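In case you want the letters, here they are:
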Amino acid sequence: MSEKRLAGRTVAILMESDFVEQELHYYERRFTEEGARVEFLTRLWGQDALTFHGHEFQEPFTVTGDLERADLSGIDVLIVPSGMVSDRLRYTEDVHELAPAVRLLKAAFADRRIVKGIICHGLWLAAPIAEVVKGRRVTCHNNLVGDARNMGALYTDQDVVVDRDLVTGRTAGHCAEFARMIIDLVAADSTAERAYRPDFTFSDLVAGYVTSFADGVIGLRTNDGRAVKVRLTDTTSAQFLRNLAEPYLDASGHLDQLLTPGGYVFAHGIFYPEGGAYTVEAKALTFLGKQPGQYTFEQPDWWVRQIRELGRFYRKAQFGDGPIDYAAYRTQLRLGGDKGEQVVQETDTISRMVYGMSSAYMLTGEEDFLDVAEQGAAYLRDHMRFVDRDEDVVYWYHGVEVRDGAERKLFTSEFGDDYDAIPMYEQIYALAGPTQLYRLTGDPRIAADIDGTLRLFQRFFRDPELGGYYSHIDPILLSPHHESLGPNRSRKNWNSVGDHAPAYLINLLLATGDERHADMLEETFDLIAEHMPRKDSPYVQERFYADWTPDTTWHWQQDRAVVGHNLKIAWNLMRMMSIRPKERYRDLAVEIGEKMPPFGSDPQRGGWYDVVERKLGPGEHIHRFVWHDRKAWWQQEQAILAYQILAGTAGGAEFERRARESAAFYNAFFLDHDEGGVYFNVLADGHPYLLGTERFKGSHSMSMCHAAELCFLATVYQRLLLDRKPLTLHFRPRPDGFTDRVLRVAPDALPPGRVRLDWVEVDGTPYQLFDAAAMTVKLPDSASPVTVRAHLAPVED
Amino acid sequence: MSFKINMNVEGDTATIRLAGELDGRSAPELNDLVSQAVGRQVAKLVLLLDELTYMSSAGVRCLVFAHQKLPRGSEITLVGTQPEVAETIRLTGFDRSIMMR
């Protein structure tokens, strides 16, 4: 074999007088021949060099390597040779101390990476540290068999013995076999552990841009620029991307037109290991548009149609086709939308559905969605709300359990993360739905509850000294510092500080224009910018003690990152740029947007991962996935919105490409065409993961909140910011809605001057009392709610 | 008027008599007793309130939390609730979960 099997490796050999000349020369040549660097070490006693003489021919041999200065981290093999070398090296002037060579050998035994080679009389060097060979199989010179046994070693009558990282040889005469065993062991380590390549078939996904198509082979360029050849077979199917409620659309008859350079395609197929490489044979192709460069999900109505189907799915799942009755509402919905065994109604899942239905009404104007939202908000008020007259605050139960008409309040969280406490996260999301509905109706009862809950945040969750909001308070004294909170005592986290903005606070500011909310937003974003980015990881820090020192011990989070939280920060910082712009907001958002793809996205298949270790372990180049490499639907949402708004405000083709690739993966793999709604999680290759709780469609992480938020804001960003197309929104202000009788119709925090209110209709009639630049409508007096249509248009440059 | 409280447990029923004003400072006393009742997993918790003139929200929180921690199907009954106290409870929605006599 011509390959040098020890290339880059270092073999260190201990030396003293009375060495065996032939043996040492053999090692020097044999290991050098395999590409290793051979180094001789001895105790130099403060000299630059010492010259020793051989046992048989008194051949001189000069050594310059000082074993007292040896760096084991650069050594792969340490050999104790034959002759009297070991006996001379175990001399110690202080009988209470180990000789330097013995200390070196002991340290080498402590590092299993280093192969220890001990031959013939060399075993003497281990006598003062017998524990390193105790219980291990060895061989040695026949004269030392008793010594070996006295050391507790298992003497084995062979010329060469291997015990994991210890190779022993019988005599100098066996130095060739001994050396070969060491070479095999080191070389096997490098091939087995450092160069393992799967040599079996597996199926996987390739996402990429077509670079060529000829003779049934597609050339693809992945998101990160790698070239992949994918072969078509007789049984390769092909379909066009489709929205919810759309039929399967076969594309296999149009492959020649579709597979022209520039088109983006998902190819799922089988990898065959052949000839030192992989042959990839596609079994299923998904095309994103009817022609290359066209993306169906960028059609103006794509997301509107999607939110309509989501709304219909949840409406039917909860209430069937009949009247809306929240007594029948259940948080637990199975995959097909039927209700599970649980009789729990969670505040946050109702609130999230109210959010989704309100958003669906805003985009579609369908009355039924508004009804579901309004009755949901009323149900929350009647069943989930605790009005605290003593403290003049409002808080929300975790939920209620409904059994035989009787209602059991679930006051504290029933989730493991937050058990027996009132988590900020749940109180925040209790406001998500009512706030979005308030944008439409201006209902003063909702406004009063929002204000009461904000007082709760300021009085009980807020840290007046060091800023921010604590993550939990106890249910009796409402204190963040109560000992019953355990690991949640006196803690702050991403959710308790950062989730106000996306869950309700930006929407509340949009609805009211109240500068108090802008102040609170500014405070939270300043804290995010100050404390969350850290130099120790590309990912933000998400959990803190009261004084903002990082908490890396909490429950499942430890020192781990949620990919989507990073993207959520980038997205919301860019929204904040349109409210109270600061350089540091933009810089941080752009920085996160630019650095995240190699860390959080899947360059081969597309899509975004879930939870990863914030730091690399020793020898690692890829941040480890904590539980799995699946992709949760909401991480995709954060990516799409982050890159859309970055592309639409900071600009750049690269951000737009990321937005498009993220939206492609989401729309191709998360829509449940069989049952309706979206999947919770897909495997890395896009197949839905449908086990356990991840089959459910109504839980606090599903329930039409983020999926609807995506539809709503992707419509806003795609149309108004990226495509510069108009958008009509629907509102239903009550006669007593909005104390100043001003309806604010800005769909999101958008850069001032980019969008104007073009025309307004009230109850189907053109209406003139509006401010085009401020996007506000002065409401007429009315006896009953009015329907307002607001037509927004991008401002031409 | 000072606050007085005592509890009597017989079988699977815990009866707590409250008198005076249950404010934020005295709520922990109620919490201690209902925690004991929860610890014994009683099926019925009866509160005698005819001499209670004021109940703070902290007091209601103790009862709601206790109800969550008692076994499923256990009952909380309030006896002799004065109108002001009943209104405090109604504002928390807890009246849907208990019996008031």
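Sequence positions are assigned chain by chain, starting from 1 and proceeding in written order. Naming scheme: in the order in which they are written, chains are lettered from A and ligands are numbered from 1. Predicted model: local features are reported for residues with pLDDT of at least 70 only, side-chain atom pairs are reported and counted for 80 or more only, and whole-chain, interface and lining totals are derived from all residues.

An unreviewed UniProt entry annotates chain B as Anti-sigma factor antagonist of Nonomuraea fuscirosea. UniProt positions are given in the numbering used here, feature names are shortened, and annotations may be inferred rather than shown by experiment. Quoted verbatim from the Sequence similarities (unreviewed entry) heading of the UniProt record, the comment on chain B is "Belongs to the anti-sigma-factor antagonist family."

Under Sequence similarities (unreviewed entry), UniProt gives the following word-for-word description of chain A: "Belongs to the N-acylglucosamine 2-epimerase family."

With that out of the way, let us pick up the overall build of chain B. Runs of H or I in DSSP of at least four residues are treated as helices and runs of E of at least two as strands, each being numbered from the N terminus. For chain B, the count of helices and strands is three helices and five strands. Written out in order from the N terminus, the α and β elements of chain B read β-β-α-β-α-β-α-β. Relative to its length of 101 residues, chain B is compact, with a C-alpha radius of gyration of 12 Å against a globular reference of 13 Å. For chain B, the C-alpha atoms occupy an extent of roughly 30 × 25 × 20 Å along the three principal directions. Within these notes, the globule rule equals 2.2 Å times the number of residues to the 0.38 power, and the radius of gyration is based on C-alpha atoms.

With that settled, the discussion passes to the interface of chain B and chain A. C-beta atoms are placed from the backbone for every residue, and two residues are taken to be in contact when these atoms lie within 7 Å. Taken together, the contact pairs 19 residues of chain B with 17 residues of chain A. Looking at the side of chain B that touches chain A, the elements that each hand over two or more residues are helix 1 (27-39) and helix 2 (57-69) of chain B. Taken together, the residues of the side of chain B that touches chain A sort by class into seven nonpolar, 10 polar and two charged. Only Asp, Glu, Lys and Arg are considered charged in this grouping, and only Ala, Val, Leu, Ile, Met, Phe, Trp, Tyr, Cys and Pro are considered nonpolar; every other residue, Gly among them, is considered polar.

Cross-referencing UniProt, the feature "domain: DJ-1/PfpI" (unreviewed entry) maps to residues 10-184 of chain A in the present numbering. For residues 10-184 of chain A, helix accounts for 26% and strand for 24%, while the C-alpha atoms at its two ends are 15 Å apart.

All names here are of chain A. Each nonpolar core reported here comprises buried Ala, Val, Leu, Ile, Met, Phe, Trp, Tyr and Cys residues connected via C-beta atoms within 7 Å. The exposure label follows from counting other C-beta atoms within 10 Å of a residue's C-beta, where the C-beta atoms are placed from the backbone and the thresholds are 20 or more for buried and 12 or fewer for exposed, leaving partly exposed in between. With 209 residues, the main nonpolar core has Ala570, Leu573 and Ala708 as its most contacted residues. In this structure Leu573 touches Phe525, Tyr585, Leu588 and Ala589, once residues within four positions along its chain are discounted. Counting 58 residues, the second largest nonpolar core, distinct from the first, contains Ile13, Phe52, Trp124 and Val138.

Let us look at the UniProt feature "domain: STAS" (unreviewed entry) in chain B. If you check UniProt for "domain: STAS" (unreviewed entry), the listed places come out as residues 3-101 of chain B in our numbering. Secondary structure within residues 3-101 of chain B divides into 34% helix and 36% strand; the distance between the first and last C-alpha atoms comes to 22 Å.

All names here are of chain A. Phi at Asp18 is positive, roughly 65°, even though this residue is not glycine. One can find Asp18 in the loop between strand 1 (10-14) and helix 1 (21-33). Among the residues examined, Asp18 registers 17 C-beta atoms within 10 Å and is labelled partly exposed.

A separate point is helix 17 (residues 583-600) of chain A. Here a helix's expected span is defined as the number of its residues, less one, multiplied by 1.5 Å. The end-to-end C-alpha distance of helix 17 of chain A, which contains 18 residues, comes to 25 Å, matching closely the 26 Å that a straight helix rising 1.5 Å per residue would cover. Those residues of helix 17 of chain A not exposed but buried are Tyr585, Leu588, Ala589, Ile592, Gly593, Met596, Pro597 and Gly600 of chain A.

Attention shifts here to the sheet that holds strand 31 (residues 727-731) of chain A. Residue and element names in this part refer to chain A. The four strands are arranged 31-37-33-34 in an open sheet whose pairing can be described as antiparallel. Edge strands, defined here as strands with exactly one partner in the open sheet, are strand 31 and strand 34 (765-767). Geometrically, the sheet is characterised by an average inter-axis angle of 30° between neighbouring strands, direction not taken into account. By definition, two strands form a pair when at least two bridges between them are found by DSSP. Examined bridge by bridge, strand 31 and strand 37 (residues 788-794) share five bridges and lie antiparallel to one another. Residue Leu727 lies in a different strand from strand 37, and its bridge partner there is Leu792. Orientation is described by lines fitted to C-alpha atoms, with helices fitted over the stretch in contact, and by angles between N-to-C directions that extend from 0 to 180 degrees.

Our next topic: the sheet that holds strand 2 (residues 37-42) of chain A. All names here are of chain A. Read across the sheet, seven strands follow the order 5-2-1-6-7-11-10 without closing on themselves; strand pairing throughout is mixed. Across the chains shown, the open sheet's two edge strands, defined by having one partner strand only, are strand 5 (65-66) and strand 10 (160-163). Taken together, the four bridges between strand 6 (residues 77-80) and strand 7 (residues 115-119) define a ladder with parallel strand orientation. Looking at strand 7, one finds that Ile79 is bridged to Gly117. Most of the contacts of helix 1 go to strand 2, to which it runs at about 145°, and overall it touches strand 1, strand 2 and strand 6.

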